[in-house]
Amino acid sequence: MTCDEKIVWGLLGASNVAQEWMHGSITAHPDCVVGSVYSRSRERADQFAKQFGLGRSFTDLQAFLDDPELDAVYISTTNERHPEEAIAAAAAGKHVLCEKPLALNVADAQAMVSSAALAGVVFATNHHLRNLETHRAIKECLASKALGQLEAATLSFTVGLPDSLARWRRGSSQEGGGVLLDLTVHNMDLLRFYFDAEPISVCGMSPDDTVDNPNLPQENATTVWQFADGLLLTCQDCFRTPYAGTSVAIHGDRGSIFGDEVLWQRAQGRVYVKDASGTRDIPVEHRVPYDRTIVDFVNAIRGRGRPSVTGEDGIKSLALALAASKSITTRTTVRL
Ligand code: NDP
């Protein structure tokens, strides 16, 4: 592919997130077009093709991947399907942008990333939070050391799961449902982005009914993450709190930074700092986070940098979310 040629994408999965967000962000990039969709269902494939004016729709995965016009795939099927589909896409020589969590276990996620490396294609994970301007502003403040020694932090991803998204998230741990692989995994990517450091241990809790039933995905989990420098970070992740709102708060001995309503897909929210001089807002120019994902992905294909969230980042966020799950189900602190 030359630098002038368009990158032709295929949507691997007729999903809500592809429909609501990713088709728009892919086509917002001047070098990208979406050419095809794959779905197991002929009806969903046709409906997507019609809605987005796509020339080709497939219900046969290999035929979709063998399309010589296809350059890159966006995988947004349910979580248990990601490994097989990503490995097949890489083997067919297509660049892969894969939804989080990459897989249901770390070995599968590693196999996905290795298969892309072997095939010489770009592989990226679609964690969006670090591409929101609010979180970039928070990271900049942390990097300036203006808050002093960091002591405590809370990420509250406390939402109400709408019925339209509940089908597999609430129903089935086989498809990777539950709050840990849906929301906690995003928080894990965010904390790695904020601090450029890995936590050293985790202790988590969930209501007893889900802890005692491995087939019931957890919908409410609180986890405490310890860092080597003494920071203790709490994640509250819940599907059953529609009025809570989402927030970030990070406290040091010289100041605190807050992000209100910043853990959403939509670019929104307020960031402000409190310290000895009072309270002041940090101005943020909101932008759709997935647009940056696509810009960085295209640059990586063109040999100009790396994706915003790499495959290795996706393996790490998954490993941390699974460590939280282990802590909850074994009722122990897990060393990382
Ligand atoms: P959906 O339930 O909308 O779609 C997932 C898959 O389920 C589709 O690819 C489709 O597969 C199948 N499907 C869709 N509708 C139906 C239906 N009515 N009955 C049966 N099967 C159906 O999932 P989401 O869009 O909510 O999530 C998809 C992935 O994206 C997940 O991995 C999730 O974690 C991730 N995600 C990431 C976000 C982010 O910000 N990074 C945000 C939201 C989700 P097929 O067409 O092949 O049949």
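Scroll up a little and you will see the structure.
Residues numbered from 1 in each chain as written. Predicted model: local features only at pLDDT ≥ 70, side-chain atom pairs only at ≥ 80, totals over all residues. Heavy atoms only, no water.

Draft legend 1. Quick look at the nonpolar core. Counting residues in each nonpolar core, the largest one holds 43 residues, and the members touching the most others are Y194, F195, W225, L233 and I250. Secondary structure elements with two or more residues in this core: α6 (133-143), β7 (150-158), α8 (179-195), β9 (220-226), β10 (232-238), β11 (246-252), β13 (270-275) and α11 (311-330). The element that contributes the greatest number of residues to this core is α8, accounting for 9 residues. Once residues within four sequence positions are removed from consideration, F195 is found in contact with L142, L150, F227, L231, L233 and I250. Of all hydrophobic cores here, the second largest spans 28 residues; its members include L12, V96, L102 and A109. (Core = buried A, V, L, I, M, F, W, Y, C linked by side-chain atoms within 4.5 Å. Buried < 20%, exposed > 50% of the residue type's maximum accessible area, 1.4 Å probe, protein only. Helix = DSSP H or I, 4+ residues; strand = E, 2+ residues; numbered from the N terminus. Contact = heavy atoms within 4.5 Å.)

Draft legend 2. Main features of the sheet that holds β10. One open sheet holds the 9 strands; their spatial order is β14-β13-β12-β11-β7-β10-β9-β8-β15, and the pairing between them is mixed. Unpaired on one side and paired on the other, β14 (278-281) and β15 (334-335) mark the two borders of the sheet. Across 4 bridges, β13 lies against β14 in antiparallel orientation. Pairing of D275 across the sheet is with G278, part of β14. The sheet strands contacting α6 are β7, β11, β12 (255-260) and β13, and the helix crosses β11 at an angle near 5°. Seen against the sheet, α8 touches β7, β9, β10 and β11 and runs at an angle of roughly 150° to β10. (Pairing = 2+ DSSP bridges. Axes fitted to C-alpha atoms, helices over the stretch in contact; angles between N-to-C directions.)

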